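Residue-level listing of the chains:
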Amino acid sequence: MAEAADFPGTSPSPARRWLRRTAALLVGTPLLAGLLQAPVGPVAHASGPGAKAAAAASRVKADATGSRTVDVSLDALTPTTPGEDDTLTVSGTVTNNGKQTVTAAQVGLRIGSPLGSRSEIDSAAKRTGFQPGSDGSEVGGEYVEKIAKLAPGVRQDFSISVPVKALSLSTSGVYQLGVTLTGQSAAQPYPQVLGIERTFLPWQPDAADTKTKTTYLWPLTTATHLTARTGSDEQQTPVFKNDDLADELAPGGRLEQLLSLGSRLDVTWVIDPDLLASVEALTKNYRVENPDGETTRAGKQQSVAGQWLNDLQSAVKDKKVVALPFADPDLASLAHTGKAVSGSLGHLKEATEAGYKAVTTILQVTPSTDFAWPADGAIDPSVVDVATSAGAHTVIARSDSLRETNGLQYSPSAARPIGGGTTAVVADARLSTAFQGDMTGAESSTLAVQEFLAQSLMINLQDPDRQRSIVVAPQRMPTASQAQTMGKALSALEDGKWSQPQELTAAAKAKPDPQATTRVPSAAAYPAALRKQELPRQAFEKIQNTKNSLERFQVILTAKDRVVTPFGRAIDREMATSWRGHPREGKSYRQSVWAYLQELTKQVSLVQRSDAKLSGRSATIPVSVQNNLVQGVDHLVLRLSSNNPTRLKIGDGQFEEKQIKIAGGHSQSVKFTTTANANGPVPVYAQLYTEDGEPYGEAVRFDVNVTEVTLTVMLVIAGGLLLLVLAGFRMYTQRKRAARKRAQEGPDEGPEQGSQDGPDHGPEGESGGDPGTDDPEHPSDPTPDTAPESTDPSDTGERVDR
């Protein structure tokens, strides 16, 4: 039987309508399923905090459909750890990244099943795109926000509030919380999930029977700001590289935020004493170095610096404070490259002692110096050896360095005995790195907080009957936004029902888990990326050269502390961990310290002089020494030596030495006796030495030319001597006659009035004498000591400006 044709204006038969609907359903069903389950790009939540912002920045607009068409941003979630009677509020924005308008849309919440492990949290955080079997069902009902139309490129805010009881949460656990936008477009005119963002909802309705003890390190460190230079005034006005530290202390600055937040939390303060010394220097007059090397008077932040120190003193009162070695030296660099340079390890002990003194003096607390903290908690045997060489018995490591190898199904306590009486406190890597990304965006901060809390709760749920001590060691130098996010997460953790705070010293003394790894990884396992950031050997050689030069210089100073203290602390700063990632700046700083020390040592020097001429067998030769320092110098020896002692003797032989002591801003001329045995020039060298025989500064060379004694000169000298003899004989005979005359006149007669002889001058009372016994000076010899020169102190250094 032939099929009846469809004619315009007539309706199809019921059989044909049924066939068409069936065919459409068969074709549309797999297509819809494919759209719902299509793979998507990294839009929802890449691994690591802050990765969402990076993924969004690199997203390319396309006609794509599915769960990456709309970007869902989750900017706030409160409360972070809700209770049974709370109302959960989720807010954020949705942005249409497609080229077609989305219609009939709604934003809703989806609760997945409880996650079973920390690795499942990691996987969920990395997953992108909507997955119906994993992302749960929408809460729906009245707890959605309708959006009638969302045009391409348009962003719209949303906020959804749901009573926690409506979420149907069952047992305690970590639940995946998804925020989705469901809608349709002209190309796909049926409801579908066009965008999703995931986070985590920690659910602990009642307090846990056994709580995890959590130690959170709160680091106060900064980059190097102070130079080795100081003013020549009595207070030694400090000189800063820049005014950046003042900005960090100002309201809203990084250090101001860290102090403000940390003072409200139960944390263990980990402080670089160099920061305290630098802030204290800001409380007084200080100067800032200009690019041209000159300095500018500053001091605009004195009150801010003083207030910050006062607030810190209040915050750490009765709290545990860990003092790092001064300037937080790079322990791994010392172990891997510095140890090969003789004397480098000695700097660590000096820095530890200086750090303890600074914290004790400035904060008025007794800090612990028993903890060593290598960069990123990465250790190997050499790092451990160096870290403990200055007296520390505990090394702060991290679990991505000291990895578990025994297949534990839970996170063990932090304390581990690693041999030699040393304890490793192993910080949890996931918790410690939770806030290392860009936390300036609301979404990045919110996701980081929720993931941190989820991981913390999961630790407690791994083995709820086993109490453990967990340590969190965040990045050394958090930004202001990172500090704010850390504070928010830690506040929520302290308000939670599964964790309790604990000090670092208590965590280090906690009973170790017998199944936890205690074997320190080998040197080959040390992360290559971290090794590339280490200070090179040349850096430690430069540091040691500076140290050796400083030791030679200080020997001659009468006020050693004016130079030894600022340069000693500058040497500590040359090894700072903060130079990682900034090799050029670190090299420049080391060079500046060396150059300034050389500049100071040259302020004590010999004055260049011209060649000398001697017209006799013996004479004195003056040599001048100039001290342009503001302090006096002592314990110096000036040696003048002849290159040919058979022709020209200095003193009794080849050379003569004399002690030198010169007040600040003065010069001194020292005279040496010379004896010539032959005519002609003889090279002479003047050299300063320290009392232990080390040369100081450059030698000065000049020639001493002994001129010939002519016959005419000899005749003149002989004639002069003859006249002296005759004059003496005449005086002698005159006195003899006068004596005989007085004897003839008798004893009653007094002396003749108006005698030409004057007072009686016998041979013993004669003035003058043999001219050959004088020690004539060279006609050009200056006076032995010059008058004091300008002693007005320089405002930029230890030297005197002339």
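Nothing here was measured: the structure is a model prediction, and the numbers come from that model.

Criteria and thresholds
- Residues numbered from 1 in each chain as written.
- Predicted model: local features only at pLDDT ≥ 70, side-chain atom pairs only at ≥ 80, totals over all residues.
- Heavy atoms only, no water.
- Helix = DSSP H or I, 4+ residues; strand = E, 2+ residues; numbered from the N terminus.
- Contact = heavy atoms within 4.5 Å.
- Areas by Shrake-Rupley, 256 points an atom, 1.4 Å probe, with all protein chains shown as cover.
- Buried < 20%, exposed > 50% of the residue type's maximum accessible area, 1.4 Å probe, protein only.
- Pairing = 2+ DSSP bridges.
- Polar contact = N/O pair within 3.5 Å; in protein donor to acceptor, adjacent residues only side chain to side chain.
- Expected span 1.5 Å × (residues − 1).
- Phe/Tyr/Trp six-rings, centres within 6.5 Å; stacked < 30°, edge-to-face > 60°.
- Lys NZ or Arg CZ within 6 Å of the ring centre and 35° of its normal.
- Axes fitted to C-alpha atoms, helices over the stretch in contact; angles between N-to-C directions.

Chemist: What is the right way to read the overall build of the protein chain from this model?
Modeler: Along its length, the protein chain carries 19 helices and 30 strands. When contacts within the protein chain are restricted to residue pairs at least 6 apart in sequence, long-range pairs at least 24 apart make up 78% of them. With the model as given, the accessible surface of the protein chain reaches about 38100 Å², and the carbon-plus-sulfur share is 51%.

Chemist: Looking at this structure, I do not really get the pairing of strand S8 (residues 192-203). What am I missing?
Modeler: Two faces make up the sheet, and in a regular strand the side chains alternate between them. Summarising burial for S8: 12 of the 12 residues are buried, a large majority. As paired strands, strand S7 (residues 173-184) and S8 are joined by 11 bridges and run antiparallel to one another. Bridging across to S8, Gly-178 finds its partner in Arg-198.

Chemist: Can you help me understand the side chain of Thr-517 in this one?
Modeler: Within the secondary structure layout, Thr-517 lies in the loop between helix H14 (504-509) and helix H15 (528-532). The class for Thr-517 is buried, based on a relative accessible area of 6%. A polar contact of 3.2 Å, which involves the side chain of Thr-517, links it to the backbone oxygen of Arg-403. Excluding anything up to four places from it in sequence, Thr-517 contacts Leu-402, Arg-403, Glu-404, Thr-405, Asn-406 and Arg-416.

Chemist: It is not clear to me how helix H12 (residues 442-462) should be interpreted in this structure. Could you clarify?
Modeler: A turn of α-helix holds 3.6 residues, and therefore any two residues three or four places apart point the same way. The terminal C-alpha atoms of H12 lie 30 Å apart, and with 21 residues this matches the ideal 30 Å at 1.5 Å per residue to within 8%. The element H12 is extensively covered by neighbouring structure, given that 18 of its 21 residues are classed as buried.

Chemist: What's the story with the packing of aromatic side chains in this structure? I'm lost.
Modeler: Where two aromatic rings form a pair, the distance of their centres and the angle of their planes describe that pair. With the rule as written, the count across this model stands at 6 aromatic pairs. With centroids separated by 6.1 Å and ring planes inclined at 50 degrees, the aromatic side chains of Tyr-216 and Trp-218 adopt a geometry described as tilted. Here the two residues Tyr-216 and Trp-218 agree in accessibility, since each one is buried. Here the aromatic rings of Tyr-216 and Phe-452 are separated by 6.3 Å at their centres, their planes lie at 65 degrees, and the arrangement is edge-to-face. Taken together, the residues Tyr-216 in strand S9 (residues 212-220) and Phe-452 in helix H12 connect sequence positions 236 residues apart. One aromatic cluster in this structure is built from Tyr-216, Trp-218, Phe-435 and Phe-452. Seen from the ring of Trp-373, Arg-476 lies directly overhead, with NZ or CZ sitting 4.3 Å from the centre. Over the face of the ring belonging to Tyr-689 we find Arg-639, whose NZ or CZ atom lies 4.4 Å from the ring centre.

Chemist: How should I be thinking about the environment of Glu-404 in this particular structure?
Modeler: Among the structural elements, Glu-404 can be located in the loop between strand S17 (394-398) and strand S18 (415-419). Along the chain, Glu-404 and Gln-515 lie 111 residues apart, while their C-alpha atoms are 9.1 Å from each other. At a separation of 2.8 Å, a polar atom in the side chain of Glu-404 contacts the side chain of Arg-416.

Chemist: Please clarify how the sheet that holds strand S13 (residues 286-289) should be interpreted in this entry.
Modeler: Sheets are built from strands that pair by backbone hydrogen bonding, the pairs being arranged parallel or antiparallel. Strand order in the open sheet formed by 4 strands is S10-S11-S13-S14, and the pairing between neighbours is mixed. In this open sheet, the two strands that pair with only one neighbour each are strand S10 (226-230) and strand S14 (295-298). For this sheet the average axis-to-axis angle between neighbouring strands, irrespective of direction, equals 35 degrees. Pairing of S13 with S14, which is carried by 4 bridges, proceeds in the antiparallel orientation. Residue pairing for S14: Arg-287 is matched across the bridge by Arg-297. Here helix H6 (residues 273-282) sits on the sheet and contacts S10, strand S11 (238-240) and S13; the angle it forms with S11, its principal contact strand, is near 110 degrees.

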